[in-house]
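# Notes for the structure review
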Amino acid sequence: MAERNLYPLFLHVQDREVLVVGAGSVAEKKVEDLVSAGARVRLVAPRATKRLRALAKEGALTHHARAFTEADLEGAWLAVSATGARGVAKRVFQEAERRRIFVLAVDDPKHGSAISSSVVRRDPFVVAISSSGQAPALTRLVRELVEQVLPEDHWVRAARELRTRWRAEGAPMGSRFAELVRSFKARATK
Ligand SMILES: C[C@@]1(CC(=O)O)c2cc3[nH]c(cc4nc(cc5[nH]c(cc(n2)[C@H]1CCC(=O)O)[C@@](C)(CC(=O)O)[C@@H]5CCC(=O)O)C(CC(=O)O)=C4CCC(=O)O)c(CCC(=O)O)c3CC(=O)O
Ligand SMILES: NC(=O)C1=CN([C@@H]2O[C@H](COP(=O)(O)OP(=O)(O)OC[C@H]3O[C@@H](n4cnc5c(N)ncnc54)[C@H](O)[C@@H]3O)[C@@H](O)[C@H]2O)C=CC1
């Protein structure tokens, strides 16, 4: 479904069930991101990585050590298929479509209805980057470039400081954005 103009979103997954099918290294990254966003992850896969088994052991997710069945989608808000096994993504997608559940298909994007992005976090800002599924390695490169442009902490701290001063001085709204740009350009060329 990558050929269409995608609609970007930030999802509240806190306390919502997310089904992850497959528990290899690619699934591991998605699961870690989902768990840190507070999702209740239900993992279905005959074999799981050491890290995923450890997360299951400490109660951060539930792991069913068997192959996917259509009933696994029951109650899920979102699903991830990450098995690399022939035909599994298609089965997950067909049943998920029937149940109106969005699916990230990491090995077979045509059998998915959502794709994940590369993320740069500068709390409270989140920059999500996508090539609409066409060039993941380039997406990673753009993420690394954005990380260099937005160094940890400085960016938001500097903007907050500017804003405190604008308020104290009653700076006109119309001049604030231009001043922020000037100040950031000056920092970048220092
Ligand atoms: C469609 C999508 C589905 C989804 O995962 O949701 C997808 C699909 C596939 N990725 C593949 C390969 C690679 N993926 C990466 C990296 C990332 N891939 C991510 C997302 C996405 N990957 C979604 C679209 C993203 C977009 O719109 O650009 C990132 C951004 C986020 C994340 O993984 O969390 C993360 C960067 C994280 C970071 O910032 O570091 C690298 C580079 C590397 O790891 O060094 C490679 C090797 C280079 C290459 O092949 O390009 C393959 C081929 C597998 C094969 O051929 O066997 C498929 C399947 C296919 O396309 O058919
Ligand atoms: N989206 C992305 O960012 C990337 C995607 N990929 C693709 O992702 C796929 C998965 O890669 P890995 O995690 O390295 O694979 P892996 O081989 O390490 O893990 C596969 C997992 O799927 C499980 N599995 C197999 N059949 C199953 C079934 N019928 N039901 C449930 N679980 C089943 C296995 O038990 C295992 O946990 C590959 O096809 C790879 O090409 C690879 C790199 C990046």
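Every value quoted in this text rests on a predicted model; they were computed, and no experiment measured them.

Okay, the site of ligand 2 next. Not every one of the 19 residues close to ligand 2 is listed here, only the nearest: A23, S25, V26, R47 and F68. One of the backbone N or O atoms of V26 is found 3.0 Å from an oxygen atom in ligand 2. For ligand 2, a nitrogen atom lies 2.9 Å from a polar atom in the backbone of F68. Bound to the protein, ligand 2 loses 62% of the 890 Å² it would expose on its own. Here the shell around ligand 2 is built from residues that sort into twelve nonpolar, five polar and two charged.

Before going further, it helps to spend a moment on the packing of helix α5 (residues 154-169) against helix α6 (residues 173-188). It is at 11 Å that the axes of α5 and α6 come closest, and there the two elements cross at 135 degrees. Classified by the angle between their axes, α5 and α6 sit oblique to one another. For the pair α5 and α6, the crossing hand works out as right-handed. In this structure, α5 contributes H154, W155, A158, A159, L162, R165 and W166 to the contact, and α6 contributes R176, E179, L180, S183, F184 and R187.

In the predicted model, the chain carries a mean pLDDT of 93, and the fraction of residues at 70 or more is 96%. Listed scores for the predicted complex are pTM 0.89 and ipTM 0.95.

The next point concerns the site of ligand 1. For ligand 1, the set of nearby residues contains 17 residues, the closest of which are S118, S131, T139, R140 and R143. The separation between an oxygen atom of ligand 1 and a polar side-chain atom of K29 is 2.8 Å. At 2.7 Å, a side-chain N or O of S116 approaches an oxygen atom of ligand 1. Notes on ligand 1: free accessible area 1100 Å², of which the protein chains cover 62%. Counting only elements with at least two residues in the shell around ligand 1, the list comes to α1 (25-36) and α4 (136-149). Broken down by element, the shell around ligand 1 gets its largest block of residues, five residues, from α4. Classifying every residue of the shell around ligand 1 gives five nonpolar, eight polar and four charged.

What follows is about the packing of α1 against helix α2 (residues 50-57). Here α1 crosses α2 at 35 degrees, and the two axes come no closer than 9 Å. Along the contact surface, α1 presents E28, V31 and E32, while α2 presents R51, L52 and L55.

Conventions used here
- Residues numbered from 1 in each chain as written.
- Chains lettered and ligands numbered in written order.
- Predicted model: local features only at pLDDT ≥ 70, side-chain atom pairs only at ≥ 80, totals over all residues.
- Heavy atoms only, no water.
- Near = heavy atom within 4 Å.
- Polar contact = N/O pair within 3.5 Å; in protein donor to acceptor, adjacent residues only side chain to side chain.
- Areas by Shrake-Rupley, 256 points an atom, 1.4 Å probe, with all protein chains shown as cover.
- Nonpolar A, V, L, I, M, F, W, Y, C, P; charged D, E, K, R; others polar.
- Axes fitted to C-alpha atoms, helices over the stretch in contact; angles between N-to-C directions.
- Helix = DSSP H or I, 4+ residues; strand = E, 2+ residues; numbered from the N terminus.
- Parallel < 35°, antiparallel > 145°, perpendicular 65-115°, else oblique.
- Left-handed = near helix turned anticlockwise from the far one by under 90°.
- Contact = heavy atoms within 4.5 Å.
- pLDDT = per-residue confidence, 0-100.

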